[in-house]
Amino acid sequence: MKKYIIFAACLIALVSCKTTYQKVLSSPDVDEKYALAFELFNAGKYSKAAQLFESMLIAVGGTSKEDTVQYYRALCNYRFTDYLTAETNFEQYIDHFPRSPFSEDARFYRIECLFRNTYRSELDQTPTYKAISAIAEYMTEYPDSPHFDTARDMLRQLSERLDKKAFDGAYLYYKMEDYKAAGVALRNILKEDADNIYREQILYYTAMASYKYADNSVPEKKKERFMIFEDDYYNFIGEYAESQYRADLDKLYRKIKESNSK
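All of the points below concern the structure found in this document. Bear in mind that the values here come from a model prediction, so they are computed numbers and not experimental data.

Calculation notes
Residues numbered from 1 in each chain as written. Predicted model: local features only at pLDDT ≥ 70, side-chain atom pairs only at ≥ 80, totals over all residues. Heavy atoms only, no water. Salt bridge = Lys/Arg side-chain N within 4 Å of Asp/Glu carboxyl O. Helix = DSSP H or I, 4+ residues; strand = E, 2+ residues; numbered from the N terminus. Buried < 20%, exposed > 50% of the residue type's maximum accessible area, 1.4 Å probe, protein only. Polar contact = N/O pair within 3.5 Å; in protein donor to acceptor, adjacent residues only side chain to side chain. Core = buried A, V, L, I, M, F, W, Y, C linked by side-chain atoms within 4.5 Å. Contact = heavy atoms within 4.5 Å. Phe/Tyr/Trp six-rings, centres within 6.5 Å; stacked < 30°, edge-to-face > 60°.

Enumeration over the complete set of coordinates arrives at 15 salt bridges. Among the salt bridges present, the one from Lys65 reaches Asp31, with a minimum N-O distance of 3.7 Å. With Lys65 in the loop between helix H3 (46-60) and helix H4 (66-79) and Asp31 in helix H2 (residues 30-42), this pair connects stretches of sequence that are 34 residues apart. Classification of Lys65 by relative accessible area gives partly exposed; the value is 25%. Glu239 is the salt-bridge partner of Arg199, the closest N and O atoms lying 2.7 Å from each other. Placement of Arg199 in helix H10 (residues 199-215) and of Glu239 in helix H11 (residues 219-239) is noted, with a sequence separation of 40 residues between them.

Next comes the structure, spelled out in structure tokens:
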């Protein structure tokens with residue numbers, strides 16, 4: 001019997017809390033909403049707090065509370081991990097309150113939302129380019145920000161993701177045994193981005209593609225195309241003399257030289 005009484009009391013308390021929240025949410029009393037919104041925010045109930053801040057937007061328009069309400073609405077959605085909504089909220093906030101005391105933090109949270117809304121390297125990278133642009137702008141505008149190192153790390157991760165997508169796309173031709181296309185695609189990567197983090201692998205597979213393309217050619221074309229492989233071979237060992245991949249290329253190079261000496 002005692003357990004049932006305790007359960008009933010808890011249930012009544014829960015219903016009462018819900019009723020109080022719904023009552024305040026539908027109330028025109030801004031001060032009451034404002035107080036409860038921060039109480040819920042501090043208690044980590046971000047979804048409910050966000051709804052309260054949202055419900056006040058029109059009422060506080062043009063008042064001293066407006067920038068605070070808009071900022072905390074965005075921050076609630078951020079803390080609730082609704083990064084898509086939070087990014088939109090922060091963008092609107094920055095547009096309306098560029099000189100607010102919350103402005104710098106709002107800009108940082110926005111770029112973090114953009115970062116979190118990007119996709120894996122094999123998927124569409126349009127959000128990645130958008131995030132990179134926003135992060136670079138933030139770092140330029142706030143070089144002394146306490147978030148600068150975090151922003152730089154986000155930029156690095158996104159840049160590496162683009163590097164991976166470029167490499168994976170070119171390497172796919174190699175795996176499909178379209179060695180001519182693979183060579184062209186791999187060379188184009190370094191033309192566009194010489195500092196690609198997969199540079200070693202790119203140079204290696206460029207040389208391998210050259211060799212296999214030449215080896216599969218008709219006899220009258222082989223000598224000319226093996227010369228391209230030799231150029232790629234020297235390019236590779238010139239940069240990566242101690243590479244784990246060198247043994248493979250050395251073997252192919254010796255094979256060509258032995259064949260030419262016969």
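Okay, the environment of Ser26 next. For Ser26, the position within the fold is in the loop between helix H1 (2-25) and H2. Each C-alpha atom of the pair Ser26 and Ser55 lies 8.3 Å from the other, and the pair is 29 residues apart in sequence. A polar contact is formed between the side chain of Ser26 and the backbone oxygen of Gln22, at a distance of 3.0 Å. A polar side-chain atom of Ser26 sits 3.2 Å from the main-chain carbonyl oxygen of Lys23.

Looking now at the nonpolar core. One finds Phe53 and Phe90 to be the most contacted residues of the largest nonpolar core, which totals 49 residues. Of all elements in the fold, only H1, H2, H3, H4, helix H5 (83-96), helix H6 (103-116), helix H7 (126-141) and helix H8 (148-175) reach the threshold of two or more residues within this core. Of all the elements, H3 adds the most residues to this core, at 8 residues. For Phe53, the residues in contact, after removing those within four places along its chain, are Ala37, Phe38, Val69, Tyr72, Arg73 and Cys76.

Moving on, we get to the environment of Pro98. Assignment of secondary structure puts Pro98 in the loop between H5 and H6. Judged by its relative accessible area of 38%, Pro98 is partly exposed. Note: C-alpha distance between Pro98 and Tyr83 (15 residues apart in sequence) is 21 Å. In this structure Pro98 touches Ser103 and Arg107, once residues within four positions along its chain are discounted.

Next up on the list: the packing of aromatic side chains. In total, this model carries 35 aromatic pairs according to the counting rule given. Taking 5.5 Å as the distance between ring centres and 70° as the angle between the ring planes, the aromatic pair formed by Phe41 and Tyr46 counts as edge-to-face. Assessed through its relative accessible area of 9%, Phe41 is described here as buried. Seen in terms of ring centroids, Tyr174 and Tyr205 are 5.0 Å apart; in terms of plane orientation they differ by 65°. Their pairing is edge-to-face. A residue pair is termed long-range when its members are at least 10 positions apart, and Tyr174 in helix H8 and Tyr205 in helix H10 qualify at 31 residues.

On to unusual backbone geometry, then. If you check the backbone angles, Thr81 has positive phi at about 65° while not being a glycine. With a phi close to 65°, Glu177 is a non-glycine residue in the positive phi region. Within the secondary structure, Glu177 is located in the loop between H8 and helix H9 (179-192). Glu177 gets classed as exposed once you look at its relative accessible area, which sits at 57%.

Structural measurements only, silent on function.
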